[in-house]
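# Examination of the molecular architecture
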Amino acid sequence: MQLIYAKPSPYSRKARVTVLEKGLAGRVEEVVVSPMEDPAVLLEANPLGKVPALRLDDGRSLYDSWVICEYLDSLAPTPRLIPDGPARFDVLRRAALADGVLDAAVTARMELLRPEDKRWTPWTDRQRRAIGRGLAVMERDVAALGAELTLAHIEFAVALEYLDFRLPDVVWRDTHPALAAWLAEFSQRPSMQATRPQPS
Ligand code: 99T
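Here goes a summary of the coordinates provided. Every value quoted in this text rests on a predicted model; they were computed, and no experiment measured them. (Residues numbered from 1 in each chain as written. Predicted model: local features only at pLDDT ≥ 70, side-chain atom pairs only at ≥ 80, totals over all residues. Heavy atoms only, no water.)

## Quick look at the sheet that holds strand E3 (residues 53-55)
Defined as follows: Two strands are counted as paired when DSSP detects at least two bridges linking them. Strands here mean DSSP runs of E at least two residues long; helices mean DSSP runs of H or I at least four residues long; both are numbered from the N terminus. Whether two residues are in contact is decided by their heavy atoms, any of which lying within 4.5 Å being enough. Axes, fitted as lines to C-alpha atoms, cover a helix only where it is in contact. Angles between the N-to-C directions of the axes lie from 0 to 180 degrees.
Here we have four strands laid out as an open sheet, ordered E2-E1-E3-E4, and mixed in their pairing. For this open sheet the edge positions go to strand E2 (29-32) and strand E4 (61-62), each flanked by a neighbour on one side alone. The pairing of E3 with E4 spans two bridges and is classified as antiparallel. Paired with arginine 55 across the two strands is serine 61, which belongs to E4. Where helix H3 (residues 65-75) meets the sheet, its contacts fall on strand E1 (2-5), E3 and E4, and the angle it forms with E3 comes to roughly 45°.

Written out as structure tokens, the structure is:
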């Protein structure tokens, strides 16, 4: 399999952390791209031109990061990142919460790339309010993530570290001490250390 990804992309990072945590590194070749340059290898795998995309050995491709993570989860029995049973929708809802914080952060960041006089500040402010409300719920929920690794853990950690990476003016640790303590420990995992975001 080939995982087509970009180094700054948090959605790619979700997939890369999942590969490592599921013990699949030996089966996945990583292909680094810059999505904004529309490389052929990416467009062939994902007509939307977004990373990540996963090219399977039989020629099919999967996207987006949710689908890729679910597929990777199906390839090895443990750890079960998206469990069945009563826990399933708690995990999915928490993963969606952190993914939504991520979406808002990426949207706010993209606006910052525009020339200053072309930025739509009310839109950026709206994203930042969503980030603030999302973080408040993540702070309340973090204790319930539990010790067993799930996709929600990965999403929480990737979203928080993306804020640090791209929106460092969102100072969240003092106001969200439980999240800060949780991330300090979780970010020590080899899968997190090996996938730190880097500017492309
Ligand atoms: O939108 C584009 O044309 C290129 N953008 C991407 O490929 C971004 C990179 S994050 N990926 C997505 O938007 C994927 C979202 C999708 N729902 C998923 O896979 O979950 C780049 C952020 C940054 O550089 O700061």
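## Regarding the site of the ligand
Rules: Note on definitions. A residue lies near a molecule or strand when any single heavy atom of the residue is within 4 Å of it. Polar contacts, as counted here, are pairs of nitrogen or oxygen atoms within 3.5 Å of one another; within protein the pair requires one atom able to donate a hydrogen and one able to accept it, and residues that are adjacent in sequence qualify only if both atoms are side-chain atoms. A 1.4 Å probe and the Shrake-Rupley method give the accessible areas. Residues count as covered only by the protein chains that appear here. Here a cavity denotes a set of grid points, spaced 1 Å apart and computed over the protein atoms alone, in which a 1.4 Å probe fits but from which it cannot get out, and a pocket denotes an open set meeting protein on both sides within 12 Å along at least five of seven lines; residues with an atom within 4 Å of a point are reported as lining. Assignment to a cavity or pocket requires that more than half of a molecule's atoms be within 2 Å of the site's grid points. When residues are grouped by polarity, Ala, Val, Leu, Ile, Met, Phe, Trp, Tyr, Cys and Pro land in nonpolar, Asp, Glu, Lys and Arg in charged, and all others, Gly among them, in polar.
The environment of the ligand is formed by 15 residues, the closest being Val51, Asp64, Ser65, Tyr162 and Arg166. Between the ligand and the protein, one listed contact pairs an oxygen atom with a backbone N or O atom of valine 51 at 2.9 Å. Here an oxygen atom of the ligand and a side-chain polar atom of arginine 166 are 2.7 Å apart. With the chains in place, 79% of the 620 Å² that the ligand exposes on its own is no longer accessible. With respect to the detected pockets, the ligand is housed in the largest pocket. Breaking the shell around the ligand down by element, the ones donating at least two residues are helix H1 (10-21) and helix H6 (151-166). Residues of the shell around the ligand, tallied by class, amount to eight nonpolar, three polar and four charged.

## Here's the deal with the layout of surface pockets
Rules: Grid points are joined across faces, edges and corners, and a volume is the space filled by probe spheres set on the points.
In this structure, the largest pocket occupies an estimated 810 Å³ of space. Looking at the largest pocket, it is lined by 28 residues, and the ones nearest its centre are Tyr11, Pro35, Val51, Val106 and Met110. Of all the elements, helix H4 (residues 88-112) adds the most residues to the lining of the largest pocket, at five residues. Broken down by class, the residue content of the lining of the largest pocket amounts to 15 nonpolar, six polar and seven charged. Approximately 160 Å³ is the volume found for the second largest pocket.

## Remarks on the side chain of arginine 13
Applied cut-off: To sort residues, take the accessible area from a 1.4 Å probe on protein chains only and compare it with the maximum for the residue type: under 20% means buried, over 50% means exposed, and anything in between is partly exposed.
Looking at the secondary structure, you find arginine 13 in helix H1. You can call arginine 13 buried: its relative accessible area is 3%. Residues in contact with arginine 13, not counting those within four places in the same chain, are Val158, Glu161, Met192, Thr195, Arg196 and Pro197.

## Re the pairing of E2
Quick note on the threshold: When the strands point away from the viewer and the path from the first strand over the helix to the second turns clockwise, the crossover is right-handed.
With four bridges joining them, E1 and E2 adopt parallel strand pairing. Bridge assignment links isoleucine 4 to a residue of E2, and that residue is valine 31. Once the chain exits E1 it traverses H1 before rejoining the sheet at E2, and the crossover so formed is right-handed.

## Let's talk about the pairing of E1
A two-sided burial pattern is seen for E1, the buried positions comprising Gln2 and Ile4 on one face and Leu3 and Tyr5 on the other. Judged from the three bridges that link them, E1 and E3 form a sheet pairing that is antiparallel. Of the residues in E3, the one forming a bridge with isoleucine 4 is alanine 53.

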